[in-house]
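Report on the structure
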Amino acid sequence: MSVREVRVALGARAYPIRIGGGLLAAGDWAAEIRGRHVLVISDANVAPLYLARVEAALAGHTLGRLILPPGEREKTLQRFAQALEALAELRASRDATVVALGGGVVGDLAGFAAACWMRGIAFVQLPTTLLAMVDSSVGGKTAVDLPQGKNLVGAFHQPSAVIADTDTLATLPPRELRAGLAEVVKYGAIGDAAFFAWLEANVDALLSREPAAIAHAVETSCRHKAGVVARDETEQGERALLNFGHTFGHALETDGEYGSLLHGEAVAIGMLLAARLSAALGLAPPQDAERLQRLLVRFGLPAVMPAGHDPAQLLHLMRLDKKSVSGALRLILWHGIGDARIVAGVADDAVLDVLSR
Ligand SMILES: NC(=O)c1ccc[n+]([C@@H]2O[C@H](COP(=O)([O-])OP(=O)(O)OC[C@H]3O[C@@H](n4cnc5c(N)ncnc54)[C@H](O)[C@@H]3O)[C@@H](O)[C@H]2O)c1
Ligand SMILES: O=C(O)C(=O)C[C@@H](O)[C@H](O)[C@H](O)COP(=O)(O)O
Ligand SMILES: [Zn+2]
């Protein structure tokens, strides 16, 4: 399969996103790493599958490795401190590189360690989940969670390259593939009605991981994200649209102590809540929320709030969202498929109403 390339146009910090099969072992990405020290951060599911080919590509460098237990519950300040200690052990100098091999948890944490070590060193993203390929590896949002909220401690720090070896998706558990599809749907929902329709026509191809369909979904998603990031790197405006479904979704993840819903699943539910709230406020036709629900359900994603969440507690958690201004919510709602907007001043009662339904 040919290699597709998308560029994130950030002037002197521009970088490529390469998408294709066999890229990890091919090793061209490793040849571009200049300094001597490289710390590879991965997790205990991914490392046995892909670390050997990554380390082989990095032969000649002085290598360290940090293998974390998998899952969102490990995206913590404690694990972040471990990453910094691993860099110290390696005696990494300012020309060192951190390589993130794994999903969004590893990528967010490794990127944050790279942002902080000696006030910022290079890092390369080697995403191995669909979600990381289409979203988390691109754009330089790095962070860890607190018990009080998602991604509350972090930095904007762009990678120097993103290498999405789509062959790695062969080993991804089906639930994780579906979670990644939620973020793919997001790009159609917020700004590309034609892509949304393409997704509706290609559900089976995507769920069965047909290489051409996966490559098209990854490339289209990355083109959207790269464009938004190039225009608004630090979320002063338009970038907030990438947060569609996230104010609700992050509250659900936090309330579930990061152990019940996957990020993509929480985002799926959150997008539906945002679509229903938009309809309730008269901003969008209710049929569009129903169409979104049908697509998410066909992708095997949850479409209802799990039991046991108190709406008032969710609203409390939502207020700590990074888009809030002086404690007041700003939500990403839509006028319909392909047309998301930033909306402030929504009444608490309207939010509580959709959370209670
Ligand atoms: N920085 C951003 O812009 C951004 C964007 C979206 C999501 N995120 C963050 O990303 C995280 C979610 O990322 P995720 O969905 O990739 O989850 P994840 O990193 O937890 O990976 C999912 C699971 O799949 C396993 N895995 C990964 N690749 C595999 C492979 N190829 N084969 C077999 N198993 C594999 C992992 O070990 C893990 O158990 C969340 O913390 C979310 O907040 C960040
Ligand atoms: O890149 C962005 O900007 C996004 O909002 C992408 C989201 O999918 C992602 O989950 C991100 O980590 C959320 O950011 P946050 O600022 O709400 O923590
Ligand atoms: Zn997300």
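The rules behind each value
- Throughout, residues of each chain are indexed from 1 in the direction in which the sequence is written.
- Lettering for chains starts from A, numbering for ligands starts from 1, and both go in the order in which the items are written.
- Local features in this predicted model are restricted to residues of pLDDT 70 or higher, and side-chain atom pairs are both shown and tallied only at a pLDDT of 80 or more, whereas totals for entire chains, interfaces and linings draw on every residue.
- For each residue, a C-beta atom is positioned from the backbone; the residue is called near a molecule or strand if that atom sits within 6 Å of it.
- Numbering of helices and strands runs from the N terminus; a helix is a DSSP stretch of H or I covering at least four residues, while a strand is a stretch of E covering at least two.
- Residue polarity is assigned by list, with Asp, Glu, Lys and Arg as charged and Ala, Val, Leu, Ile, Met, Phe, Trp, Tyr, Cys and Pro as nonpolar; anything else, Gly included, falls into the polar class.
- All the domain ranges listed were derived from an automatic or database domain assignment.
- What makes a nonpolar core is a set of buried Ala, Val, Leu, Ile, Met, Phe, Trp, Tyr and Cys residues, with links drawn between C-beta atoms within 7 Å.
- To assign burial, the other C-beta atoms lying within 10 Å of each residue's own C-beta are counted, with C-beta atoms placed from the backbone; 20 or more indicates buried, 12 or fewer indicates exposed, and intermediate counts indicate partly exposed.
- Placing C-beta atoms from the backbone, we regard two residues as in contact once those atoms come within 7 Å.
- UniProt positions are given in the numbering used here, feature names are shortened, and annotations may be inferred rather than shown by experiment.
- The pairing criterion is simple: DSSP has to find at least two bridges between the two strands.
- Crossovers are marked right-handed if the path from the first strand over the helix to the second runs clockwise, as seen with the strands pointing away from the viewer.

**Brief notes about the site of ligand 1**
The full set close to ligand 1 counts 31 residues, and N45, G103, G104, T129 and S136 are the nearest of them. Elements with a minimum of two residues in the shell around ligand 1: helix 5 (104–116), helix 6 (130–136), strand 8 (149–156), helix 7 (174–191) and helix 12 (263–280). For the shell around ligand 1, a count of residues per class yields 9 nonpolar, 14 polar and 8 charged. Taken domain by domain, the shell around ligand 1 gets at least three of its residues from each of domain 1 (4–171) and domain 2 (174–356).

**Observations concerning the nonpolar core**
In terms of nonpolar packing, the biggest core is built from 117 residues, with I41, V98, L109, A110, A113, A189 and A274 touching the most fellow members. If one sorts the elements of this core by residue count, helix 12 sits on top with 11 residues. Setting aside residues no more than four positions away along its own chain, V98 makes contact with L39, I41, A110, A113, A114, I121 and F123.

**So, the site of ligand 2**
The full set of residues close to ligand 2 is D135, G139, K141, K150, N151, E183, E235, R239, L242, N243, H246 and K322. A breakdown of the residues in the shell around ligand 2 according to their chemical character gives 1 nonpolar, 4 polar and 7 charged. Mapped onto the domain boundaries, the shell around ligand 2 takes at least three residues apiece from domain 1 (4–171) and domain 2 (174–356).

**Observations regarding the UniProt feature "domain: 3-dehydroquinate synthase N-terminal" (unreviewed entry) in the protein chain**
Mapped onto this structure's residue numbering, the UniProt feature "domain: 3-dehydroquinate synthase N-terminal" (unreviewed entry) falls at residues 66–178. A distance of 27 Å separates the end C-alpha atoms of residues 66–178, which is 35% helix and 30% strand.

**Quick word on the domain arrangement of the protein chain**
Its domain assignment divides the protein chain into domain 1 (4–171) and domain 2 (174–356). With 27 residues of domain 1 in contact, the opposing surface of domain 2 contributes 32 residues. Of all the secondary-structure elements, those providing two or more residues to the side of domain 1 that touches domain 2 are strand 1 (4–8), strand 2 (15–20), helix 6 and strand 8. Of the residues belonging to the side of domain 1 that touches domain 2, the class tally is 14 nonpolar, 6 polar and 7 charged.

**Things to note about unusual backbone geometry**
Here the phi dihedral of M118 falls at roughly 50 degrees; this positive angle occurs in a residue that is not glycine. Assignment of secondary structure puts M118 in the loop between helix 5 and strand 6 (122–127). Here Y258, not a glycine, exhibits a phi torsion of approximately 60 degrees, which is positive. Along the chain, the position of Y258 falls in the loop between helix 11 (246–255) and helix 12.

**Topic: the pairing of strand 5 (residues 97–102)**
Judged by how many residues are buried, strand 5 sits mostly within the fold: 6 of 6 residues are covered. The pairing of strand 3 (residues 37–43) with strand 5 spans 4 bridges and is classified as parallel. When the sheet's bridge partners are listed, L39 is paired in strand 5 with V98. Relative to strand 6, strand 5 runs parallel, the two being bridged by 6 bridges. Counted as the bridge partner of V99 is V124 from strand 6. At this point the chain moves from strand 5, through helix 5, to the parallel strand 6, and the crossover so formed is right-handed.

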